[in-house]
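Structural description and commentary
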Amino acid sequence: MDRFQEIKPALAGDEALSEANRCLMCFDAPCTRACPTHIDVPGFIKKIGTGNLRGSARTILEANILGASCARVCPTEVLCEGACVLNDLHHKPIKIGQLQRHSTDWLMARGGDSLAKLFPPPQKRVDAARVAIIGGGPAGLACAAELARLGHLPVVLEAAQRPGGLNTVGVADYKMSSAFALQEIEWVRQLGVEVKTGVTVGKDVSIADLERDFAAIFVGVGLGKVGALGIPGEDLDGVLDALDLIAELKTDRAAAQKRVLGKRVIVIGGGNTAIDAVTQSARLGAREVHLVYRRGRAEMPAYHHEQELAQHDGCRFVLDSAPTAVNGSAGHVESLALTRMRAQGGQEGRSAALEPVPGSYSEIPCDLVLKASGQVAHSALLSSLPGVKLVRNRPVVDEHGQTSNPRYFAGGDCVSGGKEVVNAVAEGKRAARSIDGWLRSQTKGAA
Amino acid sequence: MADLSSKFAGISSPNPYWLASAPPTNTGDQVMRAFDAGWGGAVWKTIGDPIVNVSSRYSSVDIGGVRMMGLNNIELITDRTPEINFREITEVKKRYPKHAVIASLMVESKRETWHEIVKRAEGSGADGLELNFGCPHGMSERGMGAAVGQVPEYTCKITEWVKEAARTPVIVKLTPNIGDITYAARAAKKGGADAVSLINTINSITGIDLDNFSPRPMVAGRSSHGGYCGPAVKPIALNMVASVAKDSEVQIPISGIGGISTWRDAAEFFLLGASTVQVCTAVMHYGYRIIEDLVDGLSNYLDEKGFASVNDLVGRSLGNVTKWEELDLNYKIIASVDQQKCIGCGLCYVACNDGAHQSIGAKPRADGRTDVWILEDQCVGCNLCSLVCPVSGCITMKKVETGRPTVTWKDFSKDPDKFAYLKDPHH
Ligand SMILES: Cc1cc2nc3c(=O)[nH]c(=O)nc-3n(C[C@H](O)[C@H](O)[C@H](O)COP(=O)(O)OP(=O)(O)OC[C@H]3O[C@@H](n4cnc5c(N)ncnc54)[C@H](O)[C@@H]3O)c2cc1C
Ligand SMILES: Cc1cc2nc3c(=O)[nH]c(=O)nc-3n(C[C@H](O)[C@H](O)[C@H](O)COP(=O)(O)O)c2cc1C
Ligand code: SF4
């Protein structure tokens, strides 16, 4: 059995139809409200029921241009499906994600210009503007697609060789493959989105260049590497950024397998990335997998359903523990030294200040340590943006995605500090609309 | 993009979807919200002398957990005065000049009364009139509604009265509670109707409460028969539309009504000769918003089939609706099971064995399910197994080439001996 097979596979034709007919078509539906891009969920499901799959796909993609990705990677348990009223009536929500996949797959299978044909071509605008999009992740792509649909000329500048950001190199393979993410981007390009890869803004092109060549700039650079642990032994061979292992797995599974097969793995962190590092390691054949987190299970930021997945994969949770050193010999990792942690003086919850419990030293032998304790911001680039106010290394935006420099807009993980693909899409789309509004106000002012 | 705009007996609307005369068209506010949602036209809730309604008015038939497959009502015509209704029609037409607003009318069977209401309706700016000769309860006991629609002479007479006064197109709405609906349609045509609409609701009792023995909907422990509509009535409505459309004496535009919930339903009505459709129950269930898929699905279907407009559909299937005696007795199909798709439920076997022609073999499988196969020389091609099979595309009916010519019952009955082989049920 392929351990990376999809955990939410495609629905069979009959299954999609009977599932669609189970939808009650709620008024002002809670699922639609729960979706950050506000897809008209009952609307697209009804269309599956009537056999209007083209219309169904359009309803989805009109609201969320990466609807095919989102159908696979969204944590629907806490979004649309979590909001479904049938949780009360049947203890079983509508399989909204899989229905969404049914419709978008149907359209994608038609290939070619099926997406471009779905939307009327944008009006030729005399005021069409060139807009630079820094970062080709979900936020940047959604912003670019919406700008193109509005008749503007977006150019996406992506540092990596392949576009898509974490949607391409981060999301667990059993949710979606890199190949699919890239195929979807090819498809989105039909709308008139230009994507230049291998271009790092701040290195290959300067901010001054962008200001000269573009009317407005959208910043969607996401987050960078996982931050340093700041403990001795961190540079030993065998200590890895979990994101690098996940990216490797998604591009070269054999290499990742070689690294992990039969090994004792410790993952440090309590978020969804840590869980992904656990489940991916287990699927790559790790002998044992530990997850080390400095607080308790209830405080873990990872979703409950993700924690269960890790548990199911045989993960041992080492809670209320923080690493103090990575021990090794001959340059290679041998164990992780831990101390127990406790909340200071009666504090509770995820933000309680912690202190080590004196004399609580322990060690877990291991071959691989995966750091998954939170990505850090691209602070060098962000702080070089003229007049863009940052708080905690994140651009501050208003409710339309505009920064303190009116020419700059931002969205996605670099603003939120790390949410989901669907949030990045919603914020990219929102920014595109305000870029359009701002550009209009500029030309009006000039005339 | 296909053209959905519609012209029906001289009445234009942006699309062929009208709301039927019923609660969704009670007020101007509702009709305007419906037009905003995308409806092409609205037939106003029937106007006449205001009535008094009972409380508890609807009951439904639910099938397999799905609500309102059939809806029954004992409501009467509008409970608001003609003044208010006509004033609101004027307002709606002023704001929505491109949409169709039809005044549905029902008054006492007196010539002057009809003349007067027709003039007032037209004075309000309505684009056309629909005569409600169909309401099957309450009003019929007062000599109106179905009491008119069930007697062709009355239908003809009142239509004539209306036509004496009317300047706008007159649509006669037919009741299905009659032996042969073409008689009613012919009477309307004879009286001068510009179009007919069908069907109104069907006499029904939806159920009895097994604890208090009252029919539903219960009004102080009792009920009367009501009018049945919703998805359950569509096949009846389709047949009636087809028979009116095929009748050489009628040949006036048809507005199809009865059980339309999806664009597919609407397309079927068009294919059988309707050129607009009206919807009531589906809107009472889900609201005006269903118009979005009604329009979008139809438009995508027309594009896919390469049709330029709805007119290309109208009546296209009528030639394929024939009398039984004209069907080919030599056309032969037999069932075929796709073993890859079969889930081993055995439903086809029991259906054929007990309910049809014992033409399916079965035996238990090691895993506890049932293996089935078709006994091809026994199968008469009735379709039953393919209808009960829960898996789409698993049991299909395959054509068998017999090499024999087309032989209809007409041919056969003239010379049975010539076609003696047809007497074998497995021919
Ligand atoms: C391991 C992991 C698993 C995840 N799993 C899921 C999941 O299952 N479901 C889900 O919904 N979300 C998941 N997420 C979150 C999701 O991937 C992110 O929220 C989303 O990708 C954010 O989109 P973005 O466009 O803001 O940033 P990113 O996806 O990070 O994209 C930013 C892009 O900008 C580029 N860039 C950065 N700097 C520059 C520069 N100077 N010049 C040019 N380009 C630059 C980067 O190369 C990158 O391609 C996961 C995240 C991680 C880390
Ligand atoms: C509650 C209710 C009230 C109705 N009132 C009227 C009416 O006043 N006049 C009329 O011509 N038809 C009336 N009808 C019949 C509808 O217009 C329509 O012919 C019928 O419901 C079939 O369509 P459907 O299956 O889409 O509901 C009423 C139907 C219902 C359910
Ligand atoms: S739908 Fe319910 S609330 Fe509304 S009038 Fe009828 S019984 Fe009353």
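Residue numbering note: each chain is counted from 1, following its sequence as written. Ligands are numbered from 1 and chains lettered from A, in the order in which they are written. pLDDT decides what is reported in this predicted model: residues at 70 or higher carry local features, side-chain atom pairs at 80 or more are listed and counted, and totals for whole chains, interfaces and linings draw on all residues regardless. Side-chain metrics rest on all non-hydrogen atoms present in the structure, leaving aside hydrogens and water.

What follows is about the overall build of chain B. Put simply, DSSP marks the helices as runs of H or I at least four residues long and the strands as runs of E at least two long, and each gets a number from the N terminus on. Helix and strand content of chain B: 13 helices and 18 strands. Dimensions of chain B, computed from the C-alpha atoms along their principal axes, are close to 75 × 55 × 45 Å. Looking at chain B as a whole, 52% of its 427 residues are labelled buried. The contacts in chain B between residues at least 6 apart in sequence include a share of 70% that link residues at least 24 apart. A residue counts as positive if it is Lys or Arg and as negative if it is Asp or Glu; His and the chain ends are not included. Note on charges: their place is set at NZ of Lys, CZ of Arg, CG of Asp or CD of Glu. With 44 positive and 48 negative side-chain charges, chain B shows a separation of 2 Å between the mean positions of the two kinds. Each residue's exposure class comes from its accessible area (1.4 Å probe, protein chains only) as a fraction of the maximum for that residue type: buried when under 20%, exposed when over 50%, partly exposed otherwise. Throughout, a contact is declared for two residues whenever any of their heavy atoms are within 4.5 Å.

Residue and element names in this part refer to chain A. In terms of residue burial, strand E8 (residues 288–292) counts as a mostly covered element, since 4 of its 5 residues are buried. As paired strands, strand E7 (residues 264–268) and E8 are joined by 5 bridges and run parallel to one another. Bridge assignment links Val267 to a residue of E8, and that residue is Leu291. Whether a crossover is right-handed depends on one test, that the path from the first strand over the helix to the second runs clockwise when the strands point away from the viewer. Following the backbone out of E7, through helix H16 (residues 272–283) and into the adjacent parallel E8, one traces a crossover that is right-handed. Judged from the 3 bridges that link them, E8 and strand E9 (residues 316–318) form a sheet pairing that is parallel. Paired with Val292 across the bridge in E9 is Val318. Handedness of the crossover is the feature at issue here: the chain leaves E8, passes through helix H17 (residues 304–312), returns alongside E9, and the resulting connection is right-handed. The criterion for strand pairing is that DSSP finds at least two bridges linking the strands in question.

The subject of this paragraph is the interface of chain A and chain B. Residue-level contacts link 13 residues of chain A with 16 residues of chain B. Summed over both partners, the accessible area lost on bringing two parts together, with a 1.4 Å probe, is the buried area. Taken together, both faces of the contact between chain A and chain B bury some 1,200 Å²; the carbon and sulfur share is 38%. The largest per-residue losses of area from chain A upon contact with chain B belong to Asp14(A), Met25(A) and Thr50(A), which jointly make up 40% of the total buried on that side. Residues Asp296(B) and Lys47(A) are paired through a salt bridge, measuring 2.7 Å at the closest nitrogen-oxygen approach. For the side of chain A that touches chain B, the elements supplying multiple residues, two or more each, are helix H3 (41–49) and helix H4 (53–63) of chain A. By convention in these notes, a salt bridge is any Lys or Arg side-chain nitrogen within 4 Å of a carboxyl oxygen on Asp or Glu.

This paragraph deals with the site of ligand 2. Residue and element names in this part refer to chain B. Only a single heavy atom is needed: when it lies within 4 Å of a molecule or strand, its residue is near that molecule or strand. As a matter of local geometry, ligand 2 sits amid 24 residues, with Ser21, Thr46, Lys173, Gly259 and Thr281 nearest to it. In the analysis that follows, any N or O atom pair within 3.5 Å is treated as a polar contact, provided that within protein one partner can donate a hydrogen and the other can accept it, and provided that, for residues neighboring in sequence, both atoms belong to side chains. Ile199 is positioned with one of its backbone polar atoms (N or O) 3.1 Å from an oxygen atom of ligand 2. Protein chains shield 98% of the accessible area of ligand 2, which is 610 Å² for the free molecule. Counting only elements with at least two residues in the shell around ligand 2, the list comes to strand E6 (66–73) and helix H9 (281–286). Each accessible area value is a Shrake-Rupley result obtained with a 1.4 Å probe; residue values ignore everything except the protein chains displayed when judging cover.

Residue and element names in this part refer to chain A. Surrounding ligand 1, one finds 34 residues, the nearest of these being Val73, Glu158, Leu166, Lys175 and Asp413. Separating a nitrogen atom of ligand 1 from a backbone N or O atom of Val73 is a distance of 2.7 Å. Within the contact set of ligand 1, a nitrogen atom lies 3.0 Å away from a side-chain nitrogen or oxygen of Glu420. Relative to its free-state accessible area of 990 Å², ligand 1 is covered by the protein chains to the extent of 92%. Only helix H10 (138–149), strand E2 (153–158), helix H14 (242–251), H16 and helix H20 (421–446) provide two or more residues apiece to the shell around ligand 1. Considered class by class, the residues forming the shell around ligand 1 number 16 nonpolar, 12 polar and 6 charged. Segment limits for the domains were obtained from an automatic or database-derived domain assignment. If you count residues domain by domain, the shell around ligand 1 takes at least three from each of domain 2 (122–222 + 378–446) and domain 3 (226–374). When residues are grouped by polarity, Ala, Val, Leu, Ile, Met, Phe, Trp, Tyr, Cys and Pro land in nonpolar, Asp, Glu, Lys and Arg in charged, and all others, Gly among them, in polar.

This paragraph deals with the side chain of Asp173(A). Residue placement: Asp173(A) occurs in the loop between helix H11 (166–169) and helix H12 (178–189). Excluding anything up to four places from it in sequence, Asp173(A) contacts Phe4(A), Ser178(A), Lys250(A), Arg253(A) and Gln280(A).

All names here are of chain B. Spatially, the 4 strands line up as an open sheet ordered E5-E6-E12-E11, and their pairing is antiparallel. The sheet terminates laterally at strand E5 (58–63) and strand E11 (202–204), the two strands that pair on one side only. Put simply, the sheet's adjacent strands are angled 45° from each other on average, direction ignored. Where E6 meets strand E12 (residues 226–229), 3 bridges bridge the pair, whose relative direction is antiparallel. Interaxial angle, 0 to 180 degrees, is taken between N-to-C directions of lines fitted to C-alpha atoms, where a helix line uses only the stretch in contact.

Moving on, we come to the environment of Arg162(A). By secondary structure assignment, the location of Arg162(A) is in the loop between E2 and H11. Given a relative accessible area of 31%, Arg162(A) falls into the partly exposed group.

This part takes up the nonpolar core. Only buried Ala, Val, Leu, Ile, Met, Phe, Trp, Tyr and Cys residues count toward a nonpolar core, and they belong to the same one when joined by side-chain atoms within 4.5 Å. Judged by nonpolar contacts, the single largest core of 84 residues is most densely connected at Trp39(B), Leu105(B), Trp114(B), Leu198(B) and Leu298(B). Residues contacting Trp114(B), with those up to four places away along its chain left out, are Leu105(B), Met106(B), Val107(B), Glu108(B), Ser109(B), Leu131(B), Phe133(B), Ile158(B), Trp161(B) and Val162(B). Residues Leu86(A), Leu107(A), Met108(A) and Leu147(A) belong to the second largest nonpolar core, which totals 69 residues.

Below, the discussion takes up the sheet that holds E7(A). In a beta sheet, neighbouring strands pair by backbone hydrogen bonds and run either parallel or antiparallel. Residues and elements named next belong to chain A. Sheet architecture is open: 5 strands sit in the order E6-E14-E7-E8-E9, paired in parallel fashion. This sheet does not close on itself; its edge strands, each paired only once, are strand E6 (239–241) and E9. When the angles between neighbouring strand axes are averaged without regard to direction, this sheet yields 25°. H14 rests against E6 and strand E14 (368–371) of the sheet, and its axis sits at about 75° to E6.

Residue and element names in this part refer to chain B. For helix H5 (residues 152–165), spanning 14 residues, the distance from its first C-alpha to its last is 21 Å, which sits close to the expected 20 Å at 1.5 Å a residue. Buried within H5 are the following residues: Thr155, Cys156, Ile158, Thr159, Trp161, Val162 and Ala165. Looking at the buried side of H5, the elements it contacts are helix H3 (111–123), strand E8 (128–132), helix H4 (146–149), strand E9 (170–173) and helix H6 (181–190). Multiplying 1.5 Å by the residue count of a helix minus one yields the expected span of that helix.

Turning our eyes to something else, we now look at the domain arrangement of chain B. Accessible area lost upon the coming together of the parts serves often as the stated size of an interface. What the domain assignment lists for chain B is domain 1 (6–320) and domain 2 (324–423). The C-alpha-based centres of domain 1 of chain B and domain 2 of chain B are spaced at 40 Å.

Note the cis peptide between Leu198(B) and Ile199(B), where omega equals 15°. Within the element layout of this structure, Ile199(B) appears in the loop between strand E10 (195–198) and E11. For the bond from Arg216(B) to Pro217(B), the omega torsion is -5°, close enough to zero to count as cis. As for its position among the elements, Pro217(B) is in the loop between E11 and E12. Of note in the backbone geometry, Ala330(A) takes a positive phi value of approximately 50° without being a glycine. Mapped onto the elements of the fold, Ala330(A) is located in the loop between strand E10 (321–329) and strand E11 (332–343). Unusually for a residue other than glycine, Met68(B) sits at a positive phi of about 55°. Within the element layout of this structure, Met68(B) appears in strand E6.

The next subject is the domain arrangement of chain A. Residues and elements named next belong to chain A. On domain assignment, one finds that chain A holds domain 1 (13–117), domain 2 (122–222 + 378–446) and domain 3 (226–374). Each of domain 2 and domain 3 has a C-alpha centre, and the two are 32 Å apart. Regarding the contact of domain 2 and domain 3, the summed buried area is about 990 Å², with carbon and sulfur atoms giving 44% of it. When the area that domain 2 buries against domain 3 is broken down by residue, the three leading residues are Val169, Asp173 and Tyr174, summing to 50%. The salt bridge partner of Lys250 is Asp173, with a shortest N-O separation of 3.0 Å. Residues of the side of domain 2 that touches domain 3, tallied by class, amount to 5 nonpolar, 4 polar and 4 charged.

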